[in-house]
Amino acid sequence: MRLKHWFLVFSVAAVLSGCSRVEDPTLNEVFDPVNAAPPIKTAVKPNPLRNVFWGDLHIHSNLSFDAFTMGVTATPDDAYTFAKGGTIAHALGYPISLSRPLDFAAVTDHAEYFGVANKMDPDNTSNRDLREAYHSGIPWRITRHFIQTTVTKMMSVEKREEVFGASLDRQTLADTWKVLVDAADRHNDPGTFTALAGYEWTSMPGGQNLHRNIIYRDSHVPEVAFSSRDSNNPMDLWAELDRQRAQGMQMIAIPHNSNVSNGKMYDRVDFNGNAMGNEY
């Protein structure tokens, strides 16, 4: 979405929100960790005729640069606890839970700038500013915070690189990826709940969304996740996944938000504009 379109959306939102205070009774609830555990669930036996399961393969935690910057405080462990039907604290402090536990889930944080935002901001000033805006109950203040954060930190690939790129190092990327894989291992409970290790490859050439969620079968994964900073060409991603398969790793790549690819994910030529031949 181009800059002028963002401002049009924001302007309309600001006008519609008005200046009156909004009272939300949920903000007065307090998260109590004593009652946070997921409900006990009976294991499902294998069925040769197959079973139907419900899950979510696209979840962001505070390890994603955008989620953290916009106020998300939940860790990968929190996300899996929530998916299993447990109660966690919303960023504003009140308790939240699903009405029905999921059967499987994958926390797929952005591989680009893995864990950098919260490393840059250990005091959670982004989160604190958002909480203060929401607790004010003033719609225009909430809208202003959203506009300001988006424009100053996430409006474009270039802006994200400027804000988060300088703090990147391979060790941070490897450590953050390991946090995600370890969290999936901890929460995986065969027959009861399947936690899958994964991440989001966030290619956006010219602002066009070519994102894929990369989901691994188990914890046999590469040391560092291949991101769009390595290449924003899907063919390079597939070549890297083929190399990983040759090493015994198993995964799938699922298109995400292809509706905002401006048609590029459904193009009649490859990423470089070449005709799609038999080899492709």
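Residues numbered from 1 in each chain as written. Predicted model: local features only at pLDDT ≥ 70, side-chain atom pairs only at ≥ 80, totals over all residues. Heavy atoms only, no water.

Undergrad: Any details on the pattern of salt bridges? Residues and values, ideally.
TA: Counted according to the given criterion, the structure contains 9 salt bridges. Note that Arg186 is salt-bridged to Asp77, the shortest N-O span being 2.8 Å. On the criterion of sequence distance, the pair formed by Arg186 in helix α8 (residues 170-187) and Asp77 in helix α3 (residues 76-83) is long-range, its members being 109 residues apart. Overall, the relative accessible area of 27% leaves Asp77 in the partly exposed class. (Salt bridge = Lys/Arg side-chain N within 4 Å of Asp/Glu carboxyl O. Helix = DSSP H or I, 4+ residues; strand = E, 2+ residues; numbered from the N terminus. Buried < 20%, exposed > 50% of the residue type's maximum accessible area, 1.4 Å probe, protein only.)

Undergrad: Which residues make up the layout of surface pockets, and what values go with them?
TA: If you add up the space inside the second largest pocket, you get close to 420 Å³. Only β1 (55-59), α3, β2 (88-89) and α5 (125-136) provide two or more residues apiece to the lining of the second largest pocket. In the lining of the second largest pocket, the residues fall into 15 nonpolar, 4 polar and 1 charged. (1 Å grid on protein atoms, 1.4 Å probe; cavity = no way out; pocket = protein on both sides within 12 Å on 5 of 7 lines; lining within 4 Å. Points joined across faces, edges and corners; volume = space filled by probe spheres on them. Nonpolar A, V, L, I, M, F, W, Y, C, P; charged D, E, K, R; others polar.)

Undergrad: Explain the pairing of strand β4 (residues 104-107) residue by residue, including any values.
TA: Judged from the 3 bridges that link them, β1 and β4 form a sheet pairing that is parallel. Looking across to β4, one finds that Asp56 is bridged to Ala105. (Pairing = 2+ DSSP bridges.)

Undergrad: Can you lay out the side chain of Asp103 for me, pointing to particular residues and giving the numbers?
TA: With respect to the helices, strands and loops of the structure, Asp103 is situated in the loop between β3 (95-96) and β4. Reaching out from Asp103, the side chain makes a polar contact with the side chain of Lys41 at a distance of 2.7 Å. In contact with Asp103, not counting residues within four places along its chain, are Lys41, Phe53, Trp54, Thr192, Phe193 and Thr194. (Polar contact = N/O pair within 3.5 Å; in protein donor to acceptor, adjacent residues only side chain to side chain. Contact = heavy atoms within 4.5 Å.)

Undergrad: Give me the lowdown on the side chain of Ser231, citing residues and values where you can.
TA: Relative to the helices and strands, Ser231 resides in the loop between β6 (212-216) and α9 (234-246). In terms of polar contacts, Ser231 uses its side chain to reach the backbone amide nitrogen of Asn233, at 3.1 Å. Those residues in contact with Ser231, other than ones at most four positions away along the chain, are Trp201, Phe226 and Asp236.

Undergrad: Describe the nonpolar core, listing the residues and the values that go with them.
TA: Counting 42 residues, the largest nonpolar core has Tyr80, Phe114, Phe164, Trp177, Tyr199, Ile214 and Tyr216 as the members making the most contacts within it. For this core, the element with the most residues is α8, which contributes 7 residues. Leave out the neighbours within four places in its chain, and Phe114 touches Leu63, Asp109, Thr172, Leu173, Thr176, Trp177, Leu180, Tyr199 and Ala225. (Core = buried A, V, L, I, M, F, W, Y, C linked by side-chain atoms within 4.5 Å.)

Undergrad: I'd love a proper account of the packing of aromatic side chains, names of residues and values included.
TA: On inspection of all chains with the given rule, the structure shows 8 aromatic pairs. Residues Tyr80 and Phe193 carry aromatic rings whose centres are separated by 6.5 Å and whose planes lie at 75 degrees to one another, so their mutual orientation is edge-to-face. Taken together, the residues Tyr80 in helix α3 and Phe193 in the loop between α8 and β5 (194-201) connect sequence positions 113 residues apart. Using a relative accessible area of 1% as the deciding quantity, one classes Tyr80 as buried. Among the residues examined, Phe193 registers a relative accessible area of 3% and is labelled buried. One aromatic cluster is present, built from ring pairs that chain together Phe114, Trp177, Tyr199 and Tyr216. Geometry around Phe271 places Lys264 over its ring, the cationic atom sitting 5.2 Å from the centre. (Phe/Tyr/Trp six-rings, centres within 6.5 Å; stacked < 30°, edge-to-face > 60°. Lys NZ or Arg CZ within 6 Å of the ring centre and 35° of its normal.)

Undergrad: So, the sheet that holds strand β7 (residues 251-255): which residues are in play, and what are the values?
TA: One open sheet holds the 5 strands; their spatial order is β1-β4-β5-β6-β7, and the pairing between them is mixed. Only two strands of the sheet have a single partner each, and these edge strands are β1 and β7. Sheet twist, expressed as the mean angle between neighbouring strand axes with direction ignored, is 25 degrees. Examined bridge by bridge, β6 and β7 share 5 bridges and lie antiparallel to one another. Pairing of Arg212 across the sheet is with Pro255, part of β7. The strands touched by α8 within the sheet are β4, β5 and β6, with β5 carrying the most contacts at an inclination of about 160 degrees. Along the sheet, α9 contacts β5, β6 and β7; its crossing angle with β6, the most-contacted strand, is approximately 5 degrees. (Axes fitted to C-alpha atoms, helices over the stretch in contact; angles between N-to-C directions.)

Undergrad: Give a description of the pairing of β5 that names residues and reports values.
TA: Each regular strand carries side chains that alternate between the two faces of the sheet. Where burial is concerned, most of β5 is hidden: 7 out of the 8 residues are buried. Sheet topology note: the β4/β5 ladder contains 4 bridges and is parallel. From the neighbouring strand, Ala105 faces β5, where its bridge partner is Ala195. As judged from the 4 bridges shared by β5 and β6, these two strands associate in the antiparallel manner. Bridge pairing in β6 links Glu200 to Asn213.

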